[in-house]
Amino acid sequence: MGALVTLELAEDSPARDLPWIVTFGPLGDDEEWEPVVCGPYERPHALALAESVVADEDLMAVVEPLLPHVSVEEIQGEIAAARMAAEDDRATADDAADFGDYDEFGLAGGDAAGEDQMVEASPPPPPEEVRAGMSRIASRLAG
């Protein structure tokens, strides 16, 4: 059984409406290969696909939103916030706010679902449903 890592979001988090990607990689240090990045998907599709893939394989899937930053400053703020969180796992949204709009999408202070949390695989969505989700994402990004 593999591992799924994602953000735990509040029901009203605007990040739920962002496009999401899934990065699949080796679970342990005994394998070494380039991770495979898939998406963009709507969040429920990304989670279901990731769960289905890692259910029977020793893989890690990281499900995360694509942040539509359009300026160097926004990207640098996100990098600074990620560095700060890595230095101190107890970083808060207030601390991250010093580096920009880290909490713009409700991501600050989110917890990860790690290996110790069992996740039951959802059935993967049918390909036509995933394609329809990709079309909705493209429409939102173009709008």
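Above this note sits the structure.
Residues numbered from 1 in each chain as written. Predicted model: local features only at pLDDT ≥ 70, side-chain atom pairs only at ≥ 80, totals over all residues. Heavy atoms only, no water.

Caption draft 1: Representation of a negative patch on the surface in the model. A contiguous patch of negative charge on the surface is contributed by Asp-29, Asp-30, Glu-31, Glu-32, Glu-34, Asp-56, Glu-57 and Asp-58. Relative to the assigned elements, Glu-34 resides in the loop between β2 (20–26) and β3 (36–41). In this structure Glu-34 comes out as exposed when scored by relative accessible area, which is 68%. (Patch = residues over 30% accessible without salt bridge, like charges linked within 9 Å, V, L, I, M, F, W, Y side chains within 5 Å. Areas by Shrake-Rupley, 256 points an atom, 1.4 Å probe, with all protein chains shown as cover. Salt bridge = Lys/Arg side-chain N within 4 Å of Asp/Glu carboxyl O. Lys, Arg positive; Asp, Glu negative; His and termini not counted. Charge placed at Lys NZ, Arg CZ, Asp CG, Glu CD. Helix = DSSP H or I, 4+ residues; strand = E, 2+ residues; numbered from the N terminus. Buried < 20%, exposed > 50% of the residue type's maximum accessible area, 1.4 Å probe, protein only.)

Caption draft 2: Structural detail: the sheet that holds strand β4 (residues 59–65). One open sheet holds the 4 strands; their spatial order is β1-β4-β2-β3, and the pairing between them is mixed. The two strands at the open ends of the sheet, each matched to only one other strand, are β1 (3–6) and β3. On average, adjacent strands in this sheet sit at an angle of 20 degrees to one another, irrespective of strand direction. Two elements, β2 and β3, share 4 bridges in a ladder whose sense is antiparallel. Looking across to β3, one finds that Phe-24 is bridged to Val-36. (Pairing = 2+ DSSP bridges. Axes fitted to C-alpha atoms, helices over the stretch in contact; angles between N-to-C directions.)

Caption draft 3: Broad picture of helix α1 (residues 43–54). Between its first and last C-alpha atoms α1 spans 17 Å; for 12 residues at 1.5 Å apiece the expected length is 16 Å, and the two agree. For α1, the full list of buried residues reads Arg-43, His-45, Ala-46, Leu-47, Ala-48, Ala-50, Glu-51 and Val-54. Buried residues along α1 sit against β1, β2, β3, β4 and α4 (127–142). (Expected span 1.5 Å × (residues − 1). Contact = heavy atoms within 4.5 Å.)

Caption draft 4: Focus on the nonpolar core. Grouped together as the largest cluster of nonpolar side chains are 16 residues, with contacts concentrated most on Val-22, Ala-50, Ala-61 and Val-63. Only β2, α1 and β4 provide two or more residues apiece to this core. The element that contributes the greatest number of residues to this core is α1, accounting for 4 residues. (Core = buried A, V, L, I, M, F, W, Y, C linked by side-chain atoms within 4.5 Å.)

The values are spatial; any link to function lies outside them.
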